[in-house]
Amino acid sequence: MNQIAHNRPAGGPASALARQAAAALEARQAAADGPQQYLTFLLGGEMFAVAILNVKEIIEYGNLTEIPMMPPFIRGVINLRGAVVPVIDLAARFGGAESQVGKRSCIVILEVSEADSRHDIGVMVDAVSEVIEIPGSEIEPPPSFGARIRADFIHGMGKVAGRFVIILNIFKVLSVDEIALLAQVASTEAGGGA
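These lines cover the structure that appears in this document, whether it is placed above or below. Counting of residues starts from 1 at the beginning of each chain's written sequence and follows it residue by residue. Confidence filtering applies because this is a predicted model: local features only for residues at pLDDT of at least 70, side-chain atom pairs given and counted only at 80 or more, and all residues used for totals across whole chains, interfaces and linings. Calculated side-chain values reflect all of the structure's heavy atoms, with hydrogen atoms and water omitted.

### Details of the sheet that holds strand S11 (residues 163-168)
Okay, step 1: Strand order in the open sheet formed by six strands is S8-S1-S2-S11-S10-S9, with mixed pairing between adjacent strands. A strand with exactly one partner marks an edge of an open sheet, and here the two such strands are strand S8 (127-135) and strand S9 (139-140).
Okay, step 2: Note that strand S2 (residues 46-51) and S11 share two bridges and pair parallel. Paired with alanine 49 across the two strands is isoleucine 167, which belongs to S11. Two strands are counted as paired when DSSP detects at least two bridges linking them. The secondary structure listing takes helices from DSSP runs of H or I that are at least 4 residues long and strands from runs of E that are at least 2 residues long, numbered from the N terminus.

### Points about the environment of leucine 90
Okay, step 1: As for its position among the elements, leucine 90 is in helix H3 (residues 90-93).
Okay, step 2: Using a relative accessible area of 2% as the deciding quantity, one classes leucine 90 as buried.
Okay, step 3: Distance in space between the C-alpha atoms of leucine 90 and isoleucine 74 is 8.9 Å, their sequence separation being 16 residues.
Okay, step 4: Any pair of residues with heavy atoms lying within 4.5 Å of one another is described as a contacting pair. Look past the residues within four positions of leucine 90 in its chain and what remains in contact with it is Phe41, Leu43, Val123, Met124, Val125, Leu168 and Val173. Under the scheme applied here, a residue whose accessible area is under 20% of the maximum for its type counts as buried, over 50% as exposed, and between as partly exposed, the area being computed with a 1.4 Å probe on protein chains only.

### Thoughts on unusual backbone geometry
Okay, step 1: Although it is not a glycine, methionine 69 sits at a positive phi angle of roughly 60 degrees.
Okay, step 2: The exposure class assigned to methionine 69 is partly exposed, which follows from its relative accessible area of 49%.
Okay, step 3: Here the phi dihedral of alanine 161 falls at roughly 50 degrees; this positive angle occurs in a residue that is not glycine.
Okay, step 4: Tracing the backbone through its elements, the reader meets alanine 161 in the loop between strand S10 (154-160) and S11.

### Observations regarding the side chain of aspartate 89
Okay, step 1: Topologically, aspartate 89 is positioned in strand S5 (residues 83-89).
Okay, step 2: A polar side-chain atom of aspartate 89 sits 3.1 Å from the main-chain amide nitrogen of alanine 91. Counting of polar contacts relies on pairs of N or O atoms within 3.5 Å, with two restrictions inside protein: one atom must be capable of donating a hydrogen and the other of accepting it, and residues adjacent in sequence are counted only when both atoms are side-chain atoms.

### Concerning the side chain of asparagine 54
Okay, step 1: Summarising the element assignment, asparagine 54 is placed in the loop between S2 and strand S3 (55-60).
Okay, step 2: Asparagine 54 gets classed as buried once you look at its relative accessible area, which sits at 17%.
Okay, step 3: Filtering out sequence-adjacent residues up to four positions away, asparagine 54 remains in contact with Ile109, Leu110, Glu111, Ile170 and Phe171.

### Some thoughts on the pairing of S10
Okay, step 1: Bridge count between S9 and S10: two bridges; the pairing is antiparallel. Bridge pairing links glutamate 140 to methionine 157 in S10.
Okay, step 2: As judged from the six bridges shared by S10 and S11, these two strands associate in the antiparallel manner. Pairing of isoleucine 154 across the sheet is with leucine 168, part of S11.

### Concerning the sheet that holds strand S6 (residues 106-114)
Okay, step 1: The strand order S3-S6-S7-S5-S4 describes an open sheet built from five strands, whose pairing is mixed. Edge positions in the sheet fall to S3 and strand S4 (74-80), since each of these pairs with one other strand and no more. Adjacent strand axes in the sheet meet at a mean angle of 30 degrees, parallel and antiparallel pairs treated alike. Where helices are involved, their axes are fitted lines through C-alpha atoms of the stretch in contact, as for all axes, and angles between N-to-C directions lie from 0 to 180°.

Here it is in structure tokens:
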């Protein structure tokens with residue numbers, strides 16, 4: 001019986017799986033610590049960023065259809081190649097005043113996954129800046145206080161050229177369930193006030 005165990009090659013299927021799992025874990029860790037790409041944009045004079053993997057496209061601001069009885073942060077919808085895409089005013093979503101449309105205003109189309117579905121949502125920004133790489137080691141956790149936006153909206157604070165860039169957690173900012181709930185409240189208030 002001992003001889004059979006000695007003749008079996010070391011590193012059978014179980015240890016091969018363990019090595020693969022360890023290699024996958026190392027690769028994920030290296031990816032987390034390695035530079036990630038982000039699209040940066042200006043909003044109310046502050047620099048924000050979203051992961052480039054969530055960005056589908058950037059389009060010129062315009063051709064919005066307003067929808068009655070929506071919260072102030074929902075600017076309307078656009079027709080994007082036959083699909084109806086809601087457009088969110090991020091400044092208003094963060095609790096500030098509605099954004100003013102300027103020469104450099106544009107709509108960034110983001111893809112948000114929720115449960116088993118994917119949604120395209122447009123966000124109105126003052127100006128798109130650039131795509132940058134921020135290493136994981138240069139991202140600090142969100143501040144617990146002092147930010148102008150909700151802490152759960154912030155994924156982290158990226159250090160770029162001696163300044164902080166607010167990296168948004170788009171899954172929280174653009175939560176389809178929360179937006180639907182706020183829209184329902186807005187329509188109830190509008191119906192009750194009439």
